[in-house]
Amino acid sequence: MESSLGHISGTPILYLDKPGDILISVLENEQKLLLIADFDSFSSRKILASVAPGASLEVCVADFARGSGSFLLEATCEGDSSEFLFRLSSLALGEDQKIFDMKLDHRRPHQKGKVDMNGIAGGSSKLHFLGETVVERGAGGTKTRQDGRIIVIDSKASCRCSPALRIFDNDVEAGHGAVEGRLSDQELFYLQSRGIPEQDARRLIAVGYLSPIASYFPEGIREKILTAVEEGI
């Protein structure tokens, strides 16, 4: 069994592909993995999660659905040495308007948290990644980080990455990062210099950006994710 913010293995898998709110509690010293893959119609969803002492929760979301709405996840690390990990890959196309809002609250000592959101916006879509991590007073020894990255592949698409930290204890390792913008000219030039046409180069970069999420899903779903990435770009 592996933890410490790597992939959690040997744990029960909860797989959901239908819209609806989710309430999940991870009991003391328990490890859970929540997998969500959406391929059809994007709709608003709320997830409320609490993680007990010594417990770990990993949430992986593969979003390749069309539509508009908001995805809210509020996670509270309730006990000493609890861990929370969130991974997201999202593709917004056409006139999609998607908001992913991630809130993580560390309340006790020696907790670990990691939020990692990756997205691509094409067409005239809008894709927003919002994040807030709070480290309460008394949560010393906590290590936490959040990152958001969105690549815009069409001139009419727009994006926003807005991470935030609220720290109320001195003995903390916390950080955040945000990257938003168009495909790197240097990356495109390198691939084109190897004889790859520009459109194919764009597709290769985008696929490499979103496809890693597939490795966390069972084989049948993994193949469906990779197909959605290839066909969506």
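The structure under discussion appears in the preceding block.
Keep in mind it's a predicted model, so treat the numbers as computed, not measured. (Residues numbered from 1 in each chain as written. Predicted model: local features only at pLDDT ≥ 70, side-chain atom pairs only at ≥ 80, totals over all residues. Heavy atoms only, no water.)

K.L.:
Whenever I open this one, the overall build of the protein confuses me. Can you help?
P.N.:
If you tally the helices and strands in the protein, you get three helices and 13 strands. Compactness check: the protein gives a C-alpha radius of gyration of 18 Å against a globular reference of 17 Å for 233 residues, within 12% of the reference. Dimensions of the protein, computed from the C-alpha atoms along their principal axes, are close to 55 × 35 × 30 Å. A total accessible area of about 10,900 Å² is found for the protein, and carbon and sulfur atoms account for 48% of it. Both charge centroids of the protein, one from 26 positive and one from 34 negative side chains, sit 3 Å from each other. (Helix = DSSP H or I, 4+ residues; strand = E, 2+ residues; numbered from the N terminus. Rg over C-alpha atoms; globule rule 2.2 N^0.38 Å. Areas by Shrake-Rupley, 256 points an atom, 1.4 Å probe, with all protein chains shown as cover. Lys, Arg positive; Asp, Glu negative; His and termini not counted. Charge placed at Lys NZ, Arg CZ, Asp CG, Glu CD.)

K.L.:
Teacher, can you tell me more about the pairing of strand S6 (residues 68-77) here?
P.N.:
Two faces, one strand: in a regular strand the side chains alternate between the faces of the sheet. Within S6, seven of the ten residues are buried, which leaves the element mostly enclosed by the surrounding structure. When strand S4 (residues 45-51) meets S6, the two strands line up parallel, connected through seven bridges. Across the sheet, Leu-48 pairs through a bridge with Glu-74, a residue of S6. Relative to strand S8 (residues 97-106), S6 runs parallel, the two being bridged by ten bridges. Residue pairing in the sheet places Ser-70 in a bridge with Ile-99 of S8. (Buried < 20%, exposed > 50% of the residue type's maximum accessible area, 1.4 Å probe, protein only. Pairing = 2+ DSSP bridges.)

K.L.:
Which parts of the structure should I look at to understand the pairing of strand S2 (residues 22-26)?
P.N.:
The alternating pattern of S2 places Ile-22, Ile-24 and Val-26 on a buried face and Leu-23 and Ser-25 on a face that is not buried. In this sheet, S4 lies alongside S2 in parallel orientation, the contact comprising five bridges. Within S4, the position partnered with Leu-23 by the bridge is Leu-48.

K.L.:
Sorry, what's going on with the sheet that holds S2 here?
P.N.:
Adjacent strands of a sheet pair through backbone hydrogen bonds, lying either parallel or antiparallel. Reading across from one edge, S2-S4-S6-S8-S10-S12 is the order of the six strands in this open sheet, with parallel pairing throughout. The sheet terminates laterally at S2 and strand S12 (158-167), the two strands that pair on one side only. Each strand of the sheet is rotated relative to its neighbour by a mean of 10°, with strand direction disregarded. Examined bridge by bridge, strand S10 (residues 126-135) and S12 share ten bridges and lie parallel to one another. By the bridge assignment for S12, Leu-127 is matched with Cys-159. (Axes fitted to C-alpha atoms, helices over the stretch in contact; angles between N-to-C directions.)

K.L.:
Sorry, what's going on with the nonpolar core here?
P.N.:
Within soluble globular proteins, side chains that are nonpolar tend to cluster in buried spots. Core analysis: the biggest nonpolar cluster contains 35 residues, and Phe-71, Leu-73, Phe-84, Phe-86 and Met-102 have the highest contact counts within it. Among all residues touching Phe-86, those that are not within four sequence positions of it are Val-59, Val-61, Phe-71, Leu-73, Met-102, Lys-114, Val-115, Asp-116 and Met-117. Among the nonpolar cores identified, the runner-up in size contains 30 residues, and Ala-37, Phe-39, Ala-206 and Ile-221 belong to it. (Core = buried A, V, L, I, M, F, W, Y, C linked by side-chain atoms within 4.5 Å. Contact = heavy atoms within 4.5 Å.)

K.L.:
Looking at this model, I keep getting lost on the environment of Ser-25. Mind explaining?
P.N.:
Within the secondary structure, Ser-25 sits in strand S2. Residue Ser-25 is classed as partly exposed on the basis of its relative accessible area, which comes to 39%. The spatial distance from the C-alpha of Ser-25 to the C-alpha of Gly-123 is 38 Å, given a sequence separation of 98 residues. The contacts of Ser-25, once residues within four sequence positions are left out, are Glu-30, Lys-32 and Ser-50.

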